[in-house]
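# Chain and residue survey
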Amino acid sequence: MREGNHDAEPPVDELCDRIVALYHDNLHRTLPVLVGELARLAEHDCAGEMLAETRAVVAELVPQLEGHLSKEENVLFPALAALAQADREGRSRPPLPFPTVLHPIRMMETEHARIETAMARLRAITQGFAPADDASVAWRHCLTQLARLDADLREHHRIEDEELFPRALELERRLP
Ligand SMILES: [Fe+2]
Ligand SMILES: [Fe+2]
């Protein structure tokens, strides 16, 4: 395995699978729950203006995130898996839906930045996801979920931007 030069690093396709199992699956599971909890809170109007602003940002963020995950899972990651497979089998670059993976990778990086901008807005609105002393249990729970989403997205994007994408580009360059 030529990729095995970096002994400690999993192959690119294995890294994609780990990202999906560690981060994507969790997002698919937790985003609808978060949206539902925010909607229920709004019915009881516990957190007023802060809740309304949070819901507005989340309403934009969730479809952005779902579209992003879908592009990675259905387009980019299968292409990276095909590159990794060709590398293992000593084959040349397989036919892909794009001339190079550079363009979809750049698009994913741009989307990461957009998602992070939305998360920064949520941090600002909620004053760092910190509940007020008189915050309800339900609102505290939503803030905890948002803080976890923020931390997970930072690590998720860091792994993709700093590990997966550079290695995928290097792999593509290396294939005959
Ligand atoms: Fe991802
Ligand atoms: Fe991503």
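Heads up: the structure comes first, above all this text.
Residue positions are counted from 1 within each chain, in the order its sequence is given. Working convention: letters from A go to chains and numbers from 1 go to ligands, in the order in which they are written. At least 70 in pLDDT is required for a residue's local features to be given in this predicted model, at least 80 for side-chain atom pairs to be given and counted, and no such filter applies to totals for whole chains, interfaces and linings, which use all residues.

### As for the overall build of the protein chain
For clarity, the cut-off: Numbering of helices and strands runs from the N terminus, with a helix taken as a DSSP run of H or I at least four residues long and a strand as a DSSP run of E at least two residues long. Burial in this document is a count-based property: other C-beta atoms within 10 Å of a residue's C-beta are tallied, and the residue is buried at 20 or more, exposed at 12 or fewer, or partly exposed in between, with C-beta positions derived from the backbone. Once C-beta atoms have been placed from the backbone, residue pairs whose C-beta atoms lie within 7 Å are recorded as contacts.
Secondary structure summary: the protein chain contains four helices and zero strands in total. Mapped in sequence order, the helices and strands of the protein chain form the string α-α-α-α. For the protein chain, the spread of C-alpha atoms along the principal axes amounts to about 60 × 30 × 25 Å. The buried share among the 176 residues of the protein chain stands at 22%. Restricting the contact set of the protein chain to residue pairs at least 6 apart, pairs at least 24 apart contribute 77%.

### Looking at the packing of helix α2 (residues 48-88) against helix α4 (residues 137-174)
Quick reminder of the rule: All axes here are fitted lines through C-alpha atoms, helices being fitted over the stretch that makes contact, and every angle between N-to-C directions spans 0 to 180 degrees. In this scheme, roughly parallel covers angles under 35 degrees and roughly antiparallel covers those over 145, while 65 to 115 is roughly perpendicular and the rest are oblique. Two helices that cross are described as forming a left-handed crossing if the nearer one is turned anticlockwise from the farther one by less than a right angle, and a right-handed crossing if clockwise.
Running from amino to carboxyl end, α2 crosses α4 at an angle of 50°, the nearest separation of the two axes being 10 Å. What the angle tells us is that α2 and α4 run oblique. Considering how the two elements wind past one another, α2 and α4 form a crossing that is left-handed. Only A168, L171 and E172 of α4 make contact with α2, whose side of the interface consists of L80, L83, A84 and D87.

### Some words on the packing of helix α1 (residues 12-44) against α2
The relative placement of two packed helices is expressed as an angle between their axes plus a distance between the axes. Keep this limit in mind: Basically, the charged four are Asp, Glu, Lys and Arg, the nonpolar ten are Ala, Val, Leu, Ile, Met, Phe, Trp, Tyr, Cys and Pro, and anything else, Gly included, counts as polar.
Interaxial distance between α1 and α2 falls to 10 Å at its minimum, and their mutual angle equals 160°. Compared by their axis directions, α1 and α2 come out roughly antiparallel. For the pair α1 and α2, the crossing hand works out as left-handed. When the residues that make up the contact of α1 with α2 are grouped by side-chain class, the tally is 20 nonpolar, three polar and three charged.

### What about unusual backbone geometry?
Glycine aside, negative phi is the norm for most residues, and most peptide bonds take the trans geometry. Positioned with a positive phi, Q127 is a non-glycine residue whose angle comes to about 50°. Along the chain, the position of Q127 falls in the loop between α3 (102-125) and α4. The class for Q127 is exposed, based on 11 C-beta atoms found within 10 Å. Positive phi outside glycine occurs at F129, with the angle close to 60°. If you trace the backbone, F129 turns up in the loop between α3 and α4.

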